[in-house]
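# Structural characterization, general
As a plain string of letters, each chain reads:
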Amino acid sequence: MGTILSSKLREDGKVVLEVSLDQEEALQLRGHYDLIHVFTEHVEGVGAQISGRGKNEATKYFLIPKNLRTKFNLKSNTPVHCQKLETPTKIIFVYTIDKLRT
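This write-up is about the structure you can find in this document. (Residues numbered from 1 in each chain as written. Predicted model: local features only at pLDDT ≥ 70, side-chain atom pairs only at ≥ 80, totals over all residues. Heavy atoms only, no water.)

Within this structure, the stated rule accounts for three salt bridges. In this structure, the salt-bridge partner of Asp 12 is Arg 10, at a minimum N-O distance of 2.6 Å. Residue Arg 10 is classed as partly exposed on the basis of its relative accessible area, which comes to 41%. Across the salt bridge formed by Glu 41 and Lys 90, the nearest N and O atoms sit 3.3 Å from each other. Taken together, the residues Glu 41 in the loop between helix H1 (23–27) and strand S3 (49–53) and Lys 90 in the loop between strand S5 (80–86) and strand S6 (91–97) connect sequence positions 49 residues apart. (Salt bridge = Lys/Arg side-chain N within 4 Å of Asp/Glu carboxyl O. Buried < 20%, exposed > 50% of the residue type's maximum accessible area, 1.4 Å probe, protein only. Helix = DSSP H or I, 4+ residues; strand = E, 2+ residues; numbered from the N terminus.)

Written out as structure tokens, the structure is:
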């Protein structure tokens, strides 16, 4: 889990952030320092559910809330990438799905 140490607004409207991360979290970037998204655990999001199926509900599904799935169309063969981040108190799953071009 990181902390923003400072921020500075540039003339072009971009914000430069100085970020402090635990070494383990920095290593999860695997040397990729572009296309980074910053988010916080403190922002209230839309409530979602996990569904269990199969014997003893061993298979788990993250359900997309109805109000978030109205504006896109996912096909079963759409590539999905998942990243798991762990903090001392939470597990965070980040799913990345390419938009379909129409």
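This brings us to the pairing of S6. Taken together, the seven bridges between S5 and S6 define a ladder with antiparallel strand orientation. Bridge pairing in S6 places Val 80 opposite Ile 97. The turn linking S5 back onto S6 is made up of four residues. (Pairing = 2+ DSSP bridges.)

Taken as a whole, the largest pocket spans an internal volume of roughly 1,500 Å³. If you go around the largest pocket, you meet 35 residues; those closest to its centre are Glu 25, Leu 29, His 37, Phe 39 and Leu 85. Those elements that place two or more of their residues in the lining of the largest pocket are strand S1 (3–9), H1, S5 and S6. Ranked by the residues each element gives to the lining of the largest pocket, the list is headed by S5, at six residues. Of the residues contributing to the lining of the largest pocket, the split by class is 16 nonpolar, 11 polar and eight charged. Of the voids in this model, the second largest pocket is the one considered here, and its volume is about 1,100 Å³. Lining the second largest pocket are 25 residues, with Val 46, Ala 48, Phe 62, Phe 93 and Tyr 95 positioned closest to its centre. Here the lining of the second largest pocket takes six residues from S6, the largest share from any one element. For the lining of the second largest pocket, a count of residues per class yields 19 nonpolar, three polar and three charged. (1 Å grid on protein atoms, 1.4 Å probe; cavity = no way out; pocket = protein on both sides within 12 Å on 5 of 7 lines; lining within 4 Å. Points joined across faces, edges and corners; volume = space filled by probe spheres on them. Nonpolar A, V, L, I, M, F, W, Y, C, P; charged D, E, K, R; others polar.)

Read these as spatial facts, not as claims about activity.
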